[in-house]
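# Reading the structure
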Amino acid sequence: MRFADSPDDLPDRDRVTSMSGLAFMQAVRDGALPSPPLARLLNYGVDTVEDGRVVFRGTPTFDHCNPVGTVHGGWYGTLLDSCMACAVMTRVPQGSVYTTLEYKVNIVRAIPLGTEILATGWCDHSGRSTGVAHGEIRSADGETLFATGSTTCLIMAVRA
């Protein structure tokens, strides 16, 4: 996996809008475009990209703990925000971009440190101006649900 090491490593607006959202996400998955530096910090990466579905694989470590030694809620929130919004991105047409408008997370149980997880986002709707998705974080074996989420994203056509 290749991560962006500086702002210059990130694709510029013209590069992003020159491809569909699905092609963009596939390029990140395949290493043709770098993963964001946040993914390195939070120890996750793109595992699967399909039309309307994105899966991240990650493992929380001690670096992701809150003051009482459990995985910080922001780790859950960031992974869910990212996988759900990226699922919407797979439906964004060439010439457009997206951003999260709002998201909600429900943590249902603590993730033990060192547990490999899958954060999956599914796009439920994508229109001209909005996208809606839901997601979940489960153990990599799929047996344990740790959190669920939902999001609304703004889809914007980029003007030249």
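## Overview of the overall build of the protein chain
The number of helices and strands found in the protein chain is 4 helices and 6 strands. The linear arrangement of helices and strands in the protein chain, starting from the amino end, is α-α-α-β-β-α-β-β-β-β. On C-alpha atoms alone, the protein chain measures out to a radius of gyration of 15 Å, which is about the 15 Å that the 2.2 N^0.38 rule sets for 160 residues. Out of the 160 residues belonging to the protein chain, those deemed buried represent 41%. Of the contacts made within the protein chain by residues no fewer than 6 positions apart, 66% connect residues no fewer than 24 positions apart. Of the accessible surface of the protein chain, which amounts to about 8100 Å², a share of 51% is contributed by carbon and sulfur atoms. When the 13 basic and 17 acidic side-chain charges of the protein chain are each reduced to a single mean position, those positions are 5 Å apart.

## Remarks on the pattern of salt bridges
Counted by the stated rule, this structure contains 7 salt bridges. As a salt-bridge pair, Asp30 and Arg29 come within 2.8 Å of each other at their nearest N and O atoms. Residue Asp30 is classed as exposed on the basis of its relative accessible area, which comes to 53%. According to the relative accessible area criterion, Arg29 is partly exposed, its value standing at 31%. Here Arg91 ties to Asp51 by a salt bridge, and the two come within 2.8 Å at their closest N and O atoms.

## Some remarks on the side chain of Thr48
For Thr48, the position within the fold is in strand β1 (residues 44–50). Among the polar contacts listed, one links the side chain of Thr48 to the side chain of Asp47, at a separation of 2.9 Å. Those residues in contact with Thr48 that sit more than four places away from it in its chain are Arg53, Val54 and Val55.

## Topic: helix α4 (residues 73–89)
With 17 residues, α4 extends 24 Å between its outermost C-alpha atoms, agreeing within 8% with the 24 Å of an ideal straight helix rising 1.5 Å per residue. α4 sits mainly inside the fold: 14 of its 17 residues count as buried.

## Some remarks on the pairing of strand β6 (residues 145–157)
Inspection of the sheet shows strand β3 (residues 96–107) paired to β6 by 11 bridges, in the antiparallel sense. Paired with Thr99 across the two strands is Leu154, which belongs to β6. Connecting strand β5 (residues 130–139) to the next strand, β6, in antiparallel fashion are 5 residues, including Gly142 with a positive phi near 80°.

## A look at the nonpolar core
In a soluble, globular protein the nonpolar side chains are often hidden away together inside. Ranked by internal contacts, the top residues of the largest apolar core, which has 37 residues, are Phe24, Met25, Phe56, Leu79, Ile111, Ile117 and Ile137. Elements that contribute at least two residues to this core include exactly α2 (21–30), α3 (37–42), β1, β2 (53–58), α4, β4 (117–126), β5 and β6. Discounting residues that sit within four places of it in the chain, Ile137 has contacts with Tyr76, Leu79, Leu80, Ile111, Ile117, Leu118, Ala119, Thr144, Leu145, Phe146 and Ala147.

## Describing the sheet that holds β4
If you walk across this open sheet you meet the 6 strands as β1-β2-β4-β5-β6-β3, and the pairing is antiparallel. The open sheet has two edge strands, β1 and β3, and neither has a second partner. Pairwise comparison of adjacent strand axes, ignoring direction, gives a mean angle of 20° for this sheet. Across the sheet, α2 lies against β1 and β2, angled at about 135° from β1, the strand it touches most. In this fold α4 packs onto β1, β2, β3, β4, β5 and β6, with an angle of close to 140° to the strand it touches most, β3.

Each value, and the rule that gives it
Residues numbered from 1 in each chain as written. Predicted model: local features only at pLDDT ≥ 70, side-chain atom pairs only at ≥ 80, totals over all residues. Heavy atoms only, no water. Helix = DSSP H or I, 4+ residues; strand = E, 2+ residues; numbered from the N terminus. Rg over C-alpha atoms; globule rule 2.2 N^0.38 Å. Buried < 20%, exposed > 50% of the residue type's maximum accessible area, 1.4 Å probe, protein only. Contact = heavy atoms within 4.5 Å. Areas by Shrake-Rupley, 256 points an atom, 1.4 Å probe, with all protein chains shown as cover. Lys, Arg positive; Asp, Glu negative; His and termini not counted. Charge placed at Lys NZ, Arg CZ, Asp CG, Glu CD. Salt bridge = Lys/Arg side-chain N within 4 Å of Asp/Glu carboxyl O. Polar contact = N/O pair within 3.5 Å; in protein donor to acceptor, adjacent residues only side chain to side chain. Expected span 1.5 Å × (residues − 1). Pairing = 2+ DSSP bridges. Core = buried A, V, L, I, M, F, W, Y, C linked by side-chain atoms within 4.5 Å. Axes fitted to C-alpha atoms, helices over the stretch in contact; angles between N-to-C directions.

So, to be careful, I would describe these as geometric facts and stop short of saying anything about function.
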